Amino acid sequence: MKSYIYMISSSILLLACQQDTKKIKTVYKFPKSLKEVSGITYSNDTKTLWTLEDSGNANKIYGLDSRGKISKEITISGTKNVDWEDLTKDKEGNLYIGDFGNNNNDRKDLCIYKLSKDKLSREHFKPEYTVKFYYPEQKNFPPSKNDLLYDVESFFEYKNNFYLFTKNRSKNFDGTTYLYRVPNKEGNFKAKLLGSFKAGKTFDTAAITSADISPNDSKVALLSHTRVFIFENFKADNFLSGKVKIFSLGHNSQKESIIFKDENSLLIADEKDKNTGGYLYSLDLREAKLESQP
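Turning our eyes to something else, we now look at the sheet that holds strand β5 (residues 70-76). Within a sheet, neighbouring strands are paired by backbone hydrogen bonds and run either parallel or antiparallel to one another. Strand order in the open sheet made by the five strands is β2-β3-β4-β5-β9, with mixed pairing throughout. Edge positions in the sheet fall to β2 (37-43) and β9 (124-125), since each has one partner strand and no second. By the bridge criterion, five bridges tie strand β4 (residues 60-64) to β5 in an arrangement that is antiparallel. Bridged to K60 within β5 is T75.

Written as structure tokens, this is what we have:
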């Protein structure tokens, strides 16, 4: 869900819903046809915000212009949207679809699709390659309700590896998210466990739904329904080992996507749910409300 530059025109900013500067601000509303946005990223060269929807929806990605209108619709041939939960890109601008949503912790077909930057002008094409992976710690499919630790909705690409953050669905929820690493190349790989972090005690505040790394690779952002967690000064690629700051978003909705606009600004998207959600928001970390440690 990932990008490091996102230009929003002054006219859009004037139209944005003005909220308390310590909270997120609305940039625009997503089209009615996109009710379950689960991942976003940005192509700076075409000024396009790319998005996708999760399980039960089409095997397509959508390009949005600066006003939130669909300007491009691409079918990813030869794939099925089992549970597409995130979208990211590499430094060259290639996109990656994370088909790793695993609510019941019973999937054995987890994968990531690479989409070539050179094909994004087409109406349909096949992935460049598929990265398959599994968690060596998982022995049962599904595990017991107290060990539902293998759902993922969050990842980004960094130095030819993918970094995945788990969404805890255990009966004894304690807010723990695990960080895994998977190589960015075709094949079937054992995911490498790198670290963990306890984000809080309640599902809305601590279940991780998206992640991104900043343009200069100095910050990592994790998202929940009500908070953003910013990690800095981490050791190597164990991003969860860094010093963390926690920011309140000011309201609760099914937030599913986060990307860095620049080093201090974020874009966040939520799913439409009855009378809430379905928007793209912005958050300035320099103005956001800083909370205490979890």
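Let's shift gears to the nonpolar core. By size, the foremost hydrophobic cluster in this structure holds 22 residues, and its most contacted members are F156, F165, V220, L222, F229, F231 and F239. Looking at this core, the elements that each hand over two or more residues are β11 (151-158), β12 (161-167), β16 (210-213), β17 (219-223), β18 (227-232) and β19 (243-248). Counting residues in each nonpolar core, the second largest holds 18 residues, with L110, I112, F155 and F189 among its members.

One can find V37 in strand β2. Along the sequence, V37 and Y135 sit 98 residues apart, while their C-alpha atoms lie 26 Å from each other. Residue contacts for V37: discarding those within four places in its chain leaves F30, T51, L52, E53, E256, S257, A269 and E271.

Here we come to a positive patch on the surface. Taken together, K29, K32, K35 and K272 make up a surface patch of like positive charges. Looking at the secondary structure, you find K272 in the loop between β21 (265-270) and β22 (279-284). Looking at K272, the relative accessible area reads 36%, which means it is partly exposed.

Our focus in this paragraph is the sheet that holds β12. The strand order β11-β12-β13-β15 describes an open sheet built from four strands, whose pairing is antiparallel. Among the strands making up the open sheet, the edge pair consists of β11 and β15 (192-198). Across the sheet, the mean angle from the axis of one strand to that of its neighbour is 25 degrees, orientation sign disregarded. In terms of strand pairing, β12 meets strand β13 (residues 176-183) through five bridges, oriented antiparallel. Across the sheet, the residue bridging to L164 is Y180, located in β13.

With that out of the way, let us pick up the pairing of β11. Among the eight residues that make up β11, eight are buried, leaving the element largely enclosed by the rest of the structure. Across seven bridges, the pairing between β11 and β12 is antiparallel. If you follow D151 over to β12, its bridge partner there is K167. Between β11 and β12, which pair antiparallel and follow one another directly, the connecting turn spans two residues, one of which, K159, has a positive phi of 50 degrees.

Now for the pairing of strand β3 (residues 48-53). Buried residues dominate β3, accounting for six of its six residues. Here β3 shows two buried faces, one formed by T48, W50 and L52 and the other by L49, T51 and E53. In terms of strand pairing, β2 meets β3 through six bridges, oriented antiparallel. Bridge pairing in β3 places Y42 opposite L49. If you look at the hairpin formed by β2 and β3, you'll find four residues sitting between the two strands, and K47 has a positive phi there, around 55 degrees. With three bridges joining them, β3 and β4 adopt antiparallel strand pairing. Note that in β4 the partner of T51 across the bridge is Y62. Hairpin geometry of β3 and β4 is characterised by an intervening segment of six residues between the two adjacent antiparallel strands and by a positive phi of about 90 degrees at G56.

Conventions and cut-offs
- Residues numbered from 1 in each chain as written.
- Predicted model: local features only at pLDDT ≥ 70, side-chain atom pairs only at ≥ 80, totals over all residues.
- Heavy atoms only, no water.
- Pairing = 2+ DSSP bridges.
- Helix = DSSP H or I, 4+ residues; strand = E, 2+ residues; numbered from the N terminus.
- Core = buried A, V, L, I, M, F, W, Y, C linked by side-chain atoms within 4.5 Å.
- Buried < 20%, exposed > 50% of the residue type's maximum accessible area, 1.4 Å probe, protein only.
- Contact = heavy atoms within 4.5 Å.
- Patch = residues over 30% accessible without salt bridge, like charges linked within 9 Å, V, L, I, M, F, W, Y side chains within 5 Å.
- Areas by Shrake-Rupley, 256 points an atom, 1.4 Å probe, with all protein chains shown as cover.
- Salt bridge = Lys/Arg side-chain N within 4 Å of Asp/Glu carboxyl O.
- Lys, Arg positive; Asp, Glu negative; His and termini not counted.
- Charge placed at Lys NZ, Arg CZ, Asp CG, Glu CD.
- Axes fitted to C-alpha atoms, helices over the stretch in contact; angles between N-to-C directions.

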